[in-house]
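Given next are the chains, with one letter for each unit.
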Amino acid sequence: MSSKQIQIFDTTLRDGEQVPGCKLDSNQKVIIAKQLDITGVDVIEAGFPVSSPGDFKSVEAISKIVKNATVCGLTRAVENDIKVAAEALKHAKRPRIHTGIGTSDSHIKFKFNSDKESIIKRAFDAVNYAKKFVEDVEFYAEDAGRTDNDYLARVCESAIKAGATVLNIPDTTGYCLPNEYGAKIKYLMDNVKGIDNVVVSCHCHNDLGLATANSIAGVLNGAKQIECTINGIGERAGNTALEEVVMVLKQHSNLNLDTNIDTTKLYGLSQLVSDNMGIYTQPNKAIVGANAFAHSSGIHQDGVIKNRETYEIINPKDVGVTESAIVLTARSGRAALAYRAKNVGYELTKLQLDEIYANFLVFADRKKEINDNDIHQIIETSNIYQQIISA
Ligand code: KIV
Ligand code: ZN
């Protein structure tokens, strides 16, 4: 069975940059955009051009340097936003305008003080206006996750009639369960006229920790694009993490869903974003966290030393991490100590290991983690080592 290609739409520089306390200047955004392009991202959402002169400048600068990816600018369903985005994107080889409006009852009532029919008209008008500037127009139905499916289908149909090439179905508040989000995409695939001619996109937030699961449910039900950010950064609890969805699809090759991403660049990209944004990545973060390939309990270490696959489902090299780490703590066993000792130059016999291990445990109970210098000290101050060198 031939594989289906899933488009990766990166919004680190737009939704990701909405993280409180984080600000990237134009040069930093260009550096990150270049790396996203090299990594094989299909679409880079470079910013929200009307929001500030700085964001306009960044979108313009990114449009000039990106070689392969589509460059996208966000707008509200407002003519001036769209005109300004088109201006910022005019140097892009492949420009896309991303326009849309809130469609849930709460957005219609409280944000817009409007009604369902007027929102459908605004959706149509925004896409129709954006088409005057670019061929590629993505429409988002904000808070689609909490929008009634029948109404959402009508909004989507209207956006398609106006010329939308991509339909974005955001779970803006991260509320949906994976089966609900998947069913929503399926409902749209089955009920929206013309939907087979457009790309349906998943845009999931992580308020309940379900963003990755929801995005995967989306593509399993017919969506062809996933919107995501590096390290899952974004508003509140963040967005779907790019590295997670890409690796889910890679590791589960039986799904026959591929991406264009060069996964060996993922770790470097994660570090680049974290360093530039000044946002530290949690150590247990899937794929790119400092502990993602670190083993510290004796049972796991023994397994990994015998064969990495006993406790690792991903080869660290596949995501740009040089090797798995055997971390020495008071929970580590003899196999781990012997392995680390060998790495720093000591080939220990069973007898030597027994004595040194006992000293190691005393040391490790006082210290969280044992580093290479500690290993030298533990071994060289042990009686058995003194006997070896004086023999
Ligand atoms: O979460 C959301 O709904 C968004 C849209 C503006 C696309 O970020
Ligand atoms: Zn969002």
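Here is what the cut-offs are and how they apply
- Residues numbered from 1 in each chain as written.
- Chains lettered and ligands numbered in written order.
- Predicted model: local features only at pLDDT ≥ 70, side-chain atom pairs only at ≥ 80, totals over all residues.
- Heavy atoms only, no water.
- Salt bridge = Lys/Arg side-chain N within 4 Å of Asp/Glu carboxyl O.
- Helix = DSSP H or I, 4+ residues; strand = E, 2+ residues; numbered from the N terminus.
- Buried < 20%, exposed > 50% of the residue type's maximum accessible area, 1.4 Å probe, protein only.
- Near = heavy atom within 4 Å.
- Polar contact = N/O pair within 3.5 Å; in protein donor to acceptor, adjacent residues only side chain to side chain.
- Areas by Shrake-Rupley, 256 points an atom, 1.4 Å probe, with all protein chains shown as cover.
- Donors = N, O, S within 2.8 Å, 3.2 Å for Na, K, Ca; no water.

(A) Looking closely at the pattern of salt bridges. The tally for this structure, following the rule as stated, stands at 26 salt bridges. The salt bridge involving Asp354 is made with Arg334; its shortest N-O contact spans 3.0 Å. With Asp354 in helix 13 (residues 350-366) and Arg334 in helix 12 (residues 334-343), this pair connects stretches of sequence that are 20 residues apart. Exposure remark for Arg334: the relative accessible area of 40% places this residue in the partly exposed category. Overlapping salt bridges, with partners in common, bring together Arg14, Asp15 and Glu45 in one network.

(B) Fine view of the site of ligand 1. All residues in the neighbourhood of ligand 1 are listed as Arg14, Asp15, His98, Tyr140, Glu142, Asn168, Pro170, Thr172, His203 and His205. With respect to ligand 1, the side chain of Asp15 contributes an N or O atom lying 3.1 Å from an oxygen atom. The separation between an oxygen atom of ligand 1 and a polar side-chain atom of His205 is 3.0 Å. For ligand 1, the protein covers 93% of the area, taking 260 Å² as the surface of the free molecule. When residues of the shell around ligand 1 are traced back to their parent elements, those giving at least two are strand 6 (136-142) and strand 7 (166-171).

(C) Structural view of the coordination of the zinc ion (ligand 2). Those protein atoms acting as donors to the zinc ion (ligand 2) are Asp15 (OD), His203 (NE2) and His205 (NE2), and they sit at 2.0 to 2.1 Å. Of note, the zinc ion (ligand 2) draws all its donor residues from one chain, in the sequence arrangement D-x187-H-x1-H. Here the residue Asp15 occupies a position in the loop between strand 2 (7-10) and helix 1 (26-39), and His203 occupies one in strand 8 (residues 199-204), the gap between them amounting to 188 residues. For His203, a relative accessible area of 4% puts it in the buried group.

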